[in-house]
Amino acid sequence: MAVFTAILVDDEQPSLDALMAKLGFVASDIEILGRYCVAQEALLAVERLQPDLIFLDIEMPGMDGFTFQERVRAYGAEIIFTTAYQQYAIPALRAYAFDFLLKPVDEDELAGALGRFRQKRREQRQQVSDQKQNQSPASLQKIAVPSARGMLFVPLADVVYLEAHKNYTIFHLTGKRQLVATRTLKEYELLLDTQGFFRIHHAAVINLQHLTEYIRGEGGSVILSDGSEVEVARRRKQEFLARLG
């Protein structure tokens, strides 16, 4: 039974086929949602499918892997670069890639990378689960935000919206205050999904208590209590309007 989801992005079909075959031996718990030779098509797939993991080539026509990673960073997927060029190893790590595999991909190295990925995701899910248990719906009046000195406990009523920025999350608070947390927006979305928050865009989760206006459009946009205008993704529009009743 699949526990995680992934997509494969590489402009060379033989490389996609070879990686897919090896994943069949070492990734029975990972559902492959799609294989893409065109980076732009893969970008649309990430927005639509929101996979947990992306296997990503670096040298591709039209858009290289580093640019692609920057475009999808806010979705919270882990990136494993797959390339034939050793010189990209250090740039990949500097780009906060989860891992780097040389082509042709060694099956043992692939299995090792997936093992580390599974462990990280389990730890993240456990952290969210523990925080939810420690703060029941009745008592969850504050959210813990990691800081340089430890933890800041922020009242949920003070959170206007959360914004994804690379591997971080920016908390936009009342009074135009901001906090930067070293967790992804996806983690906070899971924590706050029953607390009156809604993800209206891949890079934004809003507090519905701070919603003051909805402006119609293809997806539309919202005006929040601090005056911010935040876009609503087209694919989220119907669910968002239904949530508003």
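The following paragraphs examine the structure supplied in this document. Given the structure is predicted, the values throughout are model-derived calculations rather than measurements. (Residues numbered from 1 in each chain as written. Predicted model: local features only at pLDDT ≥ 70, side-chain atom pairs only at ≥ 80, totals over all residues. Heavy atoms only, no water.)

1. Remarks on the overall build of the protein chain
Here is step 1 of the chain: Summing up its helical and strand segments, the protein chain has seven helices and 15 strands in all.
Here is step 2 of the chain: Taken against the 2.2 N^0.38 rule, which gives 18 Å for 245 residues, the C-alpha radius of gyration of the protein chain at 19 Å falls within 12% of a compact globule.
Here is step 3 of the chain: Overall, the protein chain is about 50 × 40 × 35 Å in size when its C-alpha atoms are taken along their principal axes.
Here is step 4 of the chain: Scored against the burial criterion, the 245 residues of the protein chain give a buried share of 49%.
Here is step 5 of the chain: For the protein chain, the exposed area adds up to about 12,600 Å²; of that, 50% sits on carbon and sulfur atoms.
Here is step 6 of the chain: The protein chain carries 28 positive and 32 negative side-chain charges, and their two centres are separated by 6 Å. (Helix = DSSP H or I, 4+ residues; strand = E, 2+ residues; numbered from the N terminus. Rg over C-alpha atoms; globule rule 2.2 N^0.38 Å. Buried < 20%, exposed > 50% of the residue type's maximum accessible area, 1.4 Å probe, protein only. Areas by Shrake-Rupley, 256 points an atom, 1.4 Å probe, with all protein chains shown as cover. Lys, Arg positive; Asp, Glu negative; His and termini not counted. Charge placed at Lys NZ, Arg CZ, Asp CG, Glu CD.)

2. Structural notes on the sheet that holds strand β13 (residues 211-215)
The strands that make up a sheet are held in pairs by hydrogen bonds between backbone atoms, and each pair lies either parallel or antiparallel.
Here is step 1 of the chain: Read across the sheet, three strands follow the order β13-β14-β15 without closing on themselves; strand pairing throughout is antiparallel. Of all strands in the sheet, those with a lone pairing partner are β13 and β15 (229-231), marking the two edges. Pairwise comparison of adjacent strand axes, ignoring direction, gives a mean angle of 25° for this sheet.
Here is step 2 of the chain: Across three bridges, the pairing between strand β14 (residues 221-224) and β15 is antiparallel. Within β15, the residue paired with Val-222 across the bridge is Val-230.
Here is step 3 of the chain: In the packing of helix α7 (residues 237-244) onto the sheet, the strands contacted are β13 and β14, and the crossing angle to β13 comes to about 135°. (Pairing = 2+ DSSP bridges. Axes fitted to C-alpha atoms, helices over the stretch in contact; angles between N-to-C directions. Contact = heavy atoms within 4.5 Å.)

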